[in-house]
Amino acid sequence: MVAWQTKPDRVAILSSARTPLVKAGAALAQTPMTELARTVLIETLYRAGFPGARLDEVILGNVSMPPDAPNPARVAALEAGIPLHVPAYTVQRNCGSGMEAVAQAATHIQDGAAQIILAGGAESMSTIPLLFPSETLEPMAKIMRARGPLAKLSAIASLRPRHFKPISGLMLGLTDPVAGMIMGKTAEILAHEFHISRETQDAFALRSHQRAVAAVKAGRFDEDIAPVYAGADFKPVTKDIGPRAEQTMEALAKLKPIFDRKDGSVTVGNACQVTDGAAAMLVANADMARGEGMTIHGYIRGYATAGLDPQRMGLGPVYAIDHLLHMTGMSLSDIGLIEINEAFAAQVLACTTALASDHFAQQHLGRAKAIGEVDPDRLNVNGGAIALGHPVGATGARIVQNLVSEMSRRDVQFGIASLCIGGGQGAAMLLERR
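Conventions used here
- Counting restarts for each chain, with residues numbered from 1 along the sequence as it is written.
- With pLDDT at 70 or above as the cut-off, local features in this predicted model cover only qualifying residues; side-chain atom pairs require 80 or more to be listed or tallied, and sums for whole chains, interfaces and linings still use all residues.
- In computing side-chain values, all of the structure's heavy atoms are included and hydrogens and water are not.
- We count a stretch as a helix when DSSP gives it H or I for four or more residues in a row; a strand needs E for two or more, and each element gets its number in order from the N terminus.
- C-alpha atoms define the radius of gyration, and 2.2 Å times the number of residues to the power 0.38 defines the globule rule.
- Each residue gets one of three labels from its accessible area relative to the maximum for its type: buried under 20%, exposed over 50%, partly exposed in between, using a 1.4 Å probe on protein chains only.
- Patch definition: residues with relative accessible area over 30% and no salt bridge; like charges joined within 9 Å; nonpolar side chains (Val, Leu, Ile, Met, Phe, Trp, Tyr) joined within 5 Å.
- Methods summary: accessible areas were calculated by the Shrake-Rupley approach with a probe of 1.4 Å, and residue burial reflects only the protein chains presented.
- Salt bridges are defined by distance alone: a side-chain nitrogen of Lys or Arg within 4 Å of a carboxyl oxygen of Asp or Glu.
- Here the expected length of a helix is defined as 1.5 Å per residue gap, with one fewer gap than residues.
- Here a residue-residue contact requires only that any non-hydrogen atoms of the pair lie within 4.5 Å.
- Inter-axis angles, ranging from 0 to 180 degrees, are taken between N-to-C directions of lines fitted to C-alpha atoms, where helices are fitted over the stretch in contact.
- Roughly parallel here means an angle under 35 degrees, roughly antiparallel means over 145, roughly perpendicular means 65 to 115, and every remaining angle is called oblique.
- When residues are grouped by polarity, Ala, Val, Leu, Ile, Met, Phe, Trp, Tyr, Cys and Pro land in nonpolar, Asp, Glu, Lys and Arg in charged, and all others, Gly among them, in polar.
- Note on convention: near helix rotated counterclockwise from far helix by under a right angle means a left-handed crossing. Clockwise means right-handed.
- Under the rule applied, a polar contact is a pair of N or O atoms within 3.5 Å (in protein, one hydrogen donor and one hydrogen acceptor; residues adjacent in sequence only if both atoms are side-chain atoms).
- What counts as a ring pair is set by centres within 6.5 Å for rings of Phe, Tyr and Trp (its six-membered ring), and what kind of pair is set by the plane angle: stacked under 30 degrees, edge-to-face over 60, tilted for all other angles.

Chemist: I keep staring at the overall build of the protein chain and nothing clicks. Help me out?
Modeler: A tally of regular secondary structure across the protein chain gives 15 helices and 16 strands. Against the 2.2 N^0.38 benchmark of 22 Å for 434 residues, the protein chain shows a C-alpha radius of gyration of 22 Å, consistent with a compact globule. Based on the C-alpha atoms only, the size of the protein chain along its principal axes is roughly 75 × 55 × 40 Å. Looking at the protein chain residue by residue over its 434 residues, the buried ones come to 57%.

Chemist: How do you make sense of a nonpolar patch on the surface when you look at a structure like this?
Modeler: A surface patch of nonpolar side chains, about 280 Å² in accessible area, is lined by Phe-132, Met-140 and Phe-164. Take Phe-164: it is sitting in the loop between α5 (149-157) and β7 (167-168).

Chemist: Would you explain helix α11 (residues 316-328) in this entry?
Modeler: One full turn of an α-helix is made of 3.6 residues, so residues set three or four places apart face in the same direction. Helix length check: α11 (13 residues) gives 18 Å between terminal C-alpha atoms against 18 Å at 1.5 Å per residue, within 8%. Within α11, the full set of buried residues consists of Gly-316, Pro-317, Val-318, Tyr-319, Ala-320, Ile-321, Asp-322, Leu-324 and Leu-325. Along its buried surface, α11 packs onto β13 (298-307), β14 (337-340), α12 (345-355), α13 (358-365), β15 (414-421) and β16 (425-432). Note on α11: the residue one or two positions beyond its end, Gly-329, has a positive phi of about 70°.

Chemist: What is the right way to look at the packing of helix α4 (residues 137-145) against α5 in this model?
Modeler: Between two packed helices, what matters for the description is the angle formed by their axes and the separation of those axes. Two numbers describe how α4 lies on α5: the axes approach to 8 Å, and their chain directions differ by 170°. Our classification of the angle between α4 and α5 gives roughly antiparallel. Residues Lys-142, Ile-143 and Met-144 of α4 form the contact with α5, whose participating residues are Lys-152, Ala-155 and Ile-156. Across the contact of α4 with α5, the residue classes tally to four nonpolar, no polar and two charged.

Chemist: Explanation requested: the environment of Val-11 in the structure shown.
Modeler: Here Val-11 is to be found in strand β1 (residues 11-18). It is 24 Å that separates the C-alpha atoms of Val-11 and Asn-380, two residues lying 369 residues apart in sequence. Dropping the residues within four chain positions of it, Val-11 is found in contact with Ala-106, Ile-109, Gln-110, Val-283, Ala-284, Ala-286, Gly-298, Tyr-299 and Ile-300.

Chemist: Please explain the packing of helix α1 (residues 33-48) against helix α2 (residues 72-79) as it appears in this structure.
Modeler: Where α1 meets α2, the axes come as close as 8 Å, and the angle between the chain directions of the two elements is 55°. By the angle between their directions, the pair α1 and α2 is classed as oblique. In this structure, α1 meets α2 at a crossing whose hand is right-handed. Counting all contacts with α1, which are made through Met-33, Thr-34, Ala-37, Arg-38 and Leu-41, the residues of α2 involved are Pro-72, Val-75, Ala-76, Ala-77 and Glu-79. Class assignment of the residues belonging to the contact of α1 with α2 gives a composition of seven nonpolar, one polar and two charged.

Chemist: Got a minute to help me understand the side chain of Asp-240 in this structure?
Modeler: Position of Asp-240 relative to the elements: it lies in the loop between β11 (235-237) and α9 (249-253). Here Asp-240 falls in the buried class, since its relative accessible area comes to 14%. One polar contact links Asp-240 to Arg-18, side chain to side chain, over a distance of 2.8 Å. A polar contact of 2.8 Å, which involves the side chain of Asp-240, links it to the backbone nitrogen of Leu-21. In contact with Asp-240, other than residues within four places in its own chain, are Arg-18, Thr-19, Pro-20, Leu-21, Phe-221, Ile-225 and Leu-388.

Chemist: For this particular structure, what's the right way to read the packing of aromatic side chains?
Modeler: Where two aromatic rings form a pair, the distance of their centres and the angle of their planes describe that pair. Taken as a whole, this structure holds four aromatic pairs when the rule is applied. An angle of 45° between the planes, with centres 6.4 Å apart, marks the rings of Phe-194 and Phe-360 as tilted. Separated by 166 residues along the polypeptide, Phe-194 in the loop between α7 (183-193) and α8 (198-218) and Phe-360 in helix α13 bring together distant segments of the chain. Members of the aromatic cluster, each reached through a chain of ring pairs, are Phe-194, Tyr-319 and Phe-360.

Structural data, given as structure tokens:
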């Protein structure tokens, strides 16, 4: 890292790139997350025309860190050809990891500790491993310690069928150990408490697909996406695999609840897709960038996180947006575009209801009045994770990238990107264009 520098007036976003977002088990199923990350690191530097040797740091968000790549940020950076002298580290804040990486980059630059940092997130949910039960460890250890054929045979004979019953690492990771429930159950709690009907959730999900399909047809994602060459035949994957042009309310209505079979309303149709993907951006001291004639796509003006009840983790964006607006002295009416990650339709709808509620503001936020109404035409205008998918370590960076691009297209000055975070947290970032 460089020596301490003069603090900048702004932190600038100079370039960004993301992979296509592909449903787990599909075209990127055999692609390691470090390869997904490597792709976007290379492309982001290329788009800015910036040499990797001048970087001060690489910061990468990742949730299910691969056992064969400790500190995957460093592995991906070196595989991307970034020189040895550039340090790298990995951050984990569950669903907010990619945004946290960008926020930490901005903080280092704002503090004068760095000039330019490559940050983002990556996740291969296809390769999250199956696990063995913990009781399998003892017989396996006996086999490894056994000396001689008879001893090994005796150790092997101690194995039972239950020792080979697989445990899904993905399902385990999506279950909060404190609340004792999978994330979808927390969405069911919000649907019940905020009186959000199944039909309302399905209508929101349909809109997500319609907006994502429209964005694809209009080419609004084309400049964001860097192709990934994958599979045995090394074919390029260039498009998001998730948005469904043929989606209908009738088809959504046929799906069964998956987290509460008796009284539930959350289905695979109104929940986010399990997805592989990566996103990155180049973040810099704005004074330096302007001095060198670099193109600036937007500015990071603020970042806030918040904690709340893990059983209601989906409301995290409300608490984080509240903190962010207090920090920056702004109001929701100043914000031209908003991204709230679509972990579940019920969760986003609960957030918009809470943001507009005087009662919620008074009871939970210490405000006399509601934060404000969210105009549906300003929320997730290109669809969200219900249609595009949620590669958990990458999504925070992906929605920041998407928001900056859309703010440019619509000539919007301020935007907020936010996420709920498993374990009972929320994160929100304020972005600006001049």
